[in-house]
Amino acid sequence: MGKDRGRGRGRRNFHSGPYNKSNWRGQKRDRPQNNGGGQRNRTTPQQKSTLRENQVGITEFTNPDAPGFTGILKSRFSDFHVNEIDSSGKVLELNDLSVPKVAIVAVAEKELDNWRQELEAVIGPDVWQDIANLAEAKNDPKIEQKVEIDVTTLDKEQRTQVHQLIKQLYKGKLLSTTIGQQQVKPKATEDPSLEEKDLAEAETAAQEDPQVPAEDKKTIRIIKPKPGRGDNRWSFPADYVTFLVHKTNLVTSDVASTLAARLNLRPSQVNYSGIKDKRAKTTQNFCIKRRTPESILNASRCLRNVQIGNFAFQSNTLKLGDLQGNRFRIALRHIAKDKRGEIELALESLRERGFINYYGLQRFGNSASVPTHEVGVALLKSDYKLACELILKPRDSDVDFMRPIREEWWTNRDSAAAAAKIYGDKFIEKKLLDGLARFGESDYSSALRQIPRNMLMLYPHAYQSLIFNRIASRRIKEFGLKLIPGDLVYVEQEQAEQEQEPQPEESEEPKEADNIEDHPEEEAIEEESVFKRKVRPLTAEDIASGNFKLSDVVLPLPGHDITYPSNECGVWYDEMLAEVGLSSDQLKHKEKTYALAGAYRKMIISSSDLKWNFRLYNTPEDTLIASDWELLKNIPVTPEPAEAEAKFLALLLEFSLPTAAYATMFLRELLKQDTSSASQTQLEKEAMSREESGKEEEAMEAAEEEEAKEQAN
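Residues numbered from 1 in each chain as written. Predicted model: local features only at pLDDT ≥ 70, side-chain atom pairs only at ≥ 80, totals over all residues. Heavy atoms only, no water.

**Some thoughts on the packing of aromatic side chains**
No. 1: By the definition in use, this model includes 17 aromatic pairs.
No. 2: Centroid distance Phe 80 to Phe 328: 6.0 Å. Interplanar angle 70 degrees. Geometry classified as edge-to-face. In this pair, Phe 80 sits in strand S1 (residues 80–86) while Phe 328 sits in strand S9 (residues 323–332), placing the two residues 248 residues apart along the sequence. Each member of the pair, Phe 80 as well as Phe 328, carries the same accessibility label: buried.
No. 3: An angle of 80 degrees between the planes, with centres 6.3 Å apart, marks the rings of Tyr 490 and Tyr 600 as edge-to-face. With Tyr 490 in strand S11 (residues 488–490) and Tyr 600 in strand S14 (residues 599–602), this residue pair connects regions lying 110 residues apart in the sequence. Across this residue pair, the class does not change: Tyr 490 and Tyr 600 are buried.
No. 4: Linked through ring pairs, Phe 80, Phe 328, Phe 355, Phe 655 and Phe 666 together constitute an aromatic cluster. (Phe/Tyr/Trp six-rings, centres within 6.5 Å; stacked < 30°, edge-to-face > 60°. Helix = DSSP H or I, 4+ residues; strand = E, 2+ residues; numbered from the N terminus. Buried < 20%, exposed > 50% of the residue type's maximum accessible area, 1.4 Å probe, protein only.)

**Comments concerning helix H7 (residues 293–300)**
No. 1: Of the residues making up H7, those classed as buried are Pro 293, Ile 296, Leu 297, Ala 299 and Ser 300. When H7 is viewed along its axis, its buried side chains cluster within an angular range of 160 degrees and face the same direction.
No. 2: Elements in contact with the buried residues of H7: strand S5 (240–248), helix H6 (252–262), strand S7 (281–289) and strand S8 (306–314). (Arc of directions from axis to C-beta. Contact = heavy atoms within 4.5 Å.)

**Thoughts on the packing of helix H10 (residues 384–392) against helix H13 (residues 428–439)**
No. 1: H13 packs onto H10 with a crossing angle of 135 degrees between their chain directions and a minimal axis gap of 10 Å. Relative to H13, the element H10 is oriented oblique. Remark: the crossing between H10 and H13 carries left-handed chirality. Contacts between H10 and H13 involve Cys 388, Ile 391 and Leu 392 from the first element and Ile 428, Glu 429, Leu 432, Leu 433 and Leu 436 from the second.
No. 2: For the contact of H10 with H13, the per-class residue count stands at seven nonpolar, no polar and one charged. (Axes fitted to C-alpha atoms, helices over the stretch in contact; angles between N-to-C directions. Parallel < 35°, antiparallel > 145°, perpendicular 65-115°, else oblique. Left-handed = near helix turned anticlockwise from the far one by under 90°. Nonpolar A, V, L, I, M, F, W, Y, C, P; charged D, E, K, R; others polar.)

**Let's talk about helix H19 (residues 568–579)**
No. 1: With 12 residues, H19 extends 17 Å between its outermost C-alpha atoms, agreeing within 8% with the 16 Å of an ideal straight helix rising 1.5 Å per residue.
No. 2: The set of residues buried in H19 consists of Cys 569, Gly 570, Trp 572, Tyr 573, Met 576 and Leu 577. Within H19, the buried residues cover an arc of 150 degrees as seen down the axis, which keeps them to one side.
No. 3: On its buried side, H19 packs onto helix H16 (458–479) and strand S13 (554–557).
No. 4: Two or three places before Cys 569, at the start of H19, stands the capping residue Asn 567, its side-chain oxygen 3.0 Å from that residue's backbone nitrogen.
No. 5: Phi turns positive one or two residues past the end of H19, at Gly 581, with a value near 80 degrees. (Expected span 1.5 Å × (residues − 1). Polar contact = N/O pair within 3.5 Å; in protein donor to acceptor, adjacent residues only side chain to side chain.)

**What about the packing of helix H9 (residues 372–380) against H16?**
No. 1: Where H9 meets H16, the axes come as close as 7 Å, and the angle between the chain directions of the two elements is 110 degrees. In terms of orientation, H9 lies roughly perpendicular with respect to H16. Contacts between H9 and H16 involve Thr 372, His 373, Val 375, Gly 376, Val 377, Leu 379 and Leu 380 on the former and, on the latter, Tyr 459, Pro 460, Ala 462, Tyr 463 and Leu 466.
No. 2: When grouped by side-chain class, the residues that make up the contact of H9 with H16 number nine nonpolar, three polar and no charged.

Set out below in structure tokens:
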């Protein structure tokens, strides 16, 4: 009975919507039939080949001699917290759930009486009585419920006084709007919310009065708002509403898309300054133009694990990159209790030397068989057929529903049939297949243009990132942590805080099934001479002066408009590009879409505000760090057990990083471990296995002691 009920649910939910990792019922696999023995057929899960750090150039450490240790990263969502640091340097925390509302600025009763007397020639007692009757009348859709006042003789200030009187005396029961002959469109009226029907009627009324020129006729119309509607005129301090979004295990862009859909906006109209991790608890700033805080709050109610607050108003929109960085609070679990001394030394070394500013594994996707940078190389070489085939190629790292779709396309090359099996349009594969079906199976260039540019450019940017990682590793390996002539630094040090490289500060699980990171990157193409002059090479005299340190050095991301180091490192760029048949000049590309101007990125990053402490706990489910929401609601974390009773030890870290730096690379330097998901999963399994073995040994010892006691008795 239970089996049938489960299968019934499976059928009901199948094809109910696009695949979504946070809602696994979206596309459910058929359950296997039971075999004759009553046991289900269990298939061995396919082994996934995920990228390792050395495959993307991540090989060196700033201090390879510092002791590493085992620590499990992101064992739970609550082990990884990210708070955005805004452009003023403030760490953003969700701590205010109040919802601002338009407040009518009250006018003193005496002042209101004065206004009434001044306006008496236009609005006499009979008109005021009509207005009062309208306010008390019940809504009747069959008749026109309005009062119109000819205010042609009043100036703008006096008309404003009439509106203020209506607002303050009737408090939302009535709406008033000034209508003029030429004001037949909502945007030209004092009330843009007035309906077109009312405007047309006002125009007719103006035309019926021959005593007043049409262009001078003005009327104030007072109406009862329709049920459920109020005064929709924008009366907040500024056009743009900013608010904090606190999310758990969600993609930033998915939150933005859902809010946009609920508010009848395009996704591009919901702005944020940076993309945050998916598998984490994060707080960041959002910005929307001319949507009330109340409507934004209502739109967010359909999002699970999302809380919003800290509403504010500003005159300009929020742009990608409008932040200084991020504040991280991280718990590393399963720390060896006897390693505290070594861990302290490693932390001190990290604080002193910093870490290599590698691009993390998130930058390169999750497939070792089809890494994103290989697609990037194909695009840069204009091999669009190969680029399409790599994007659609079957791989062992696929989500379950995508694997048979890829395999079918790879065999039959029927793009329309394959596209029809992907629900929703948020996957890169879906967009590409739709393009092939529309333009023809061999028009690869046109099909690729169906993918939004910011998503498409993730592939060439991944190749740039690979080159940066390899150059950084070779630079550290061959020359160590010393400055050498020809190293590049910014001409003005303040430019170091404004790098022309809007890369993600910490990536997240993307929307597309490829699991390539979804981090839009702004264009940084400027006049050649200007961009090349942003940096200069160090001389021997500069190094001897002691005015520069290794953290001042920048390395280029390859491009056609970039200055390369005037030392051996500059030659390495040419060699690495030549390995795949490219050169810097070719990165200009005949199609502007794929052109790479280049950028600069710091080679070494340090975190001077690093803090840490050790924390005891008993179960993997214990909450070790309080989120913004938990702090706001006074929800306590799991109490720390006494040392004699504690089973596990965790290391709690708190530090800030500038935008574009990866926290995983910070942790790699500390742990001296591969940060790939496969490695972390294996480490956690081993740690849990050791714990289970320890429990078995304790149980055996206890049993032996009990047996000895019985024999003694």
